[in-house]
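Fold and geometry: a report
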Amino acid sequence: MTKSEKIKALQGLSVGEVAERSGVAISTLHFYEAEGLIESWRNGGNHRRYSRDVLRRIAVIRVAQRAGVPLKEIAEALKTLPQKRTPNAKDWARLSARWKSELDARIEALTRLRDELTGCIGCGCLSLKACPLRNPGDQLAIGGSGPILLSGRVDS
C-alpha cells in the first residue's frame, strides 16, 4: 500500500463515497447507522467517515434484506460478530444458516399460494362459510379467520 493509499484509508470514506460504491442512498446509510447496523466517525471538520470494510457489511445487509430477513434480525446477527467486525465468508455461512429455515418456510408458503391461487380462494380468504371443494361445512373455521390453508395453520 502506498503512502497516499494509507492516508486515504485512515481518512475513511465519505458518506457520498459509500453511497456511490454501495449503491445505497445516503438516507439509507444514515438509517442503517441509527439502527446500529454500521458505524462511522467524525473527522476534524465534523464530516462523517466510514472505514472501507463498511462496504462489505452493507453488502451483507442488502443480501439478507433481499432474502426477506427483517433489519432487526440482521442487526442482532451482526452483533454476534467479535468486536462488531465485518463478516467474512465463514461468518456469512453461519449467519445465513440462521435464516435458512425461515426462508424455506416462506418459499413453501409462496409455493402453496401459487398453487392454490387459481383453483380456489383458499377457504377462509374471504370469510367464505362453505366451500364444497376444500372446506365442506366450514370445518376450517376452528382454525381461525383468514386463509387457513394458505397460511399453513391446518393440514390441507
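Basis of the calculations
- Residues numbered from 1 in each chain as written.
- Predicted model: local features only at pLDDT ≥ 70, side-chain atom pairs only at ≥ 80, totals over all residues.
- Heavy atoms only, no water.
- Helix = DSSP H or I, 4+ residues; strand = E, 2+ residues; numbered from the N terminus.
- Contact = heavy atoms within 4.5 Å.
- Buried < 20%, exposed > 50% of the residue type's maximum accessible area, 1.4 Å probe, protein only.
- Axes fitted to C-alpha atoms, helices over the stretch in contact; angles between N-to-C directions.
- Parallel < 35°, antiparallel > 145°, perpendicular 65-115°, else oblique.
- Nonpolar A, V, L, I, M, F, W, Y, C, P; charged D, E, K, R; others polar.
- Salt bridge = Lys/Arg side-chain N within 4 Å of Asp/Glu carboxyl O.
- Core = buried A, V, L, I, M, F, W, Y, C linked by side-chain atoms within 4.5 Å.

We now examine the side chain of Arg57. With respect to the helices and strands, the residue Arg57 is situated in helix α4 (residues 54-66). What Arg57 contacts, discounting residues up to four positions off in sequence, is Leu37, Ile38, Leu78, Leu81, Lys84, Arg85, Thr86 and Pro87.

Turning our eyes to something else, we now look at the environment of Leu37. By the element assignment, Leu37 lies in the loop between α3 (26-34) and β2 (41-42). Take Leu37: its relative accessible area is 1%, and that puts it in the buried class. Between the C-alpha atoms of Leu37 and Ile74, which are 37 residues apart in sequence, the distance is 7.9 Å. When neighbours within four sequence positions are excluded, Leu37 is seen to be in contact with Tyr32, Arg57, Ile61, Leu71, Ile74, Ala75 and Leu78.

Running from amino to carboxyl end, helix α2 (residues 15-22) crosses α3 at an angle of 105 degrees, the nearest separation of the two axes being 9 Å. Considering their axes alone, α2 and α3 lie roughly perpendicular with respect to each other. Residues Val15, Gly16, Val18, Ala19 and Ser22 of α2 form the contact with α3, whose participating residues are Ile26, Leu29 and His30. For the contact of α2 with α3, the residue count by class is five nonpolar, three polar and no charged.

Turning next to the pattern of salt bridges. The tally for this structure, following the rule as stated, stands at three salt bridges. Here Lys100 and Asp104 are joined by a salt bridge, their closest N and O atoms 2.9 Å apart. In this pair, Lys100 and Asp104 are both assigned in helix α6 (residues 89-117), four residues apart and thus about one turn of the helix distant. Classification of Asp104 as partly exposed rests on a relative accessible area of 35%.

Counting 24 residues, the largest nonpolar core has Val18, Leu29, Ile38, Ile58, Ile74 and Leu78 as the members making the most contacts within it. Broken down by secondary-structure element, the contributors of at least two residues to this core are α2, α3, α4, α5 (71-79) and α6. With six residues, the top contributor of residues to this core is α4. With residues up to four places along the chain from it excluded, the contact list for Ile74 reads Leu37, Ile61, Ala64, Gln65, Val69 and Trp99.

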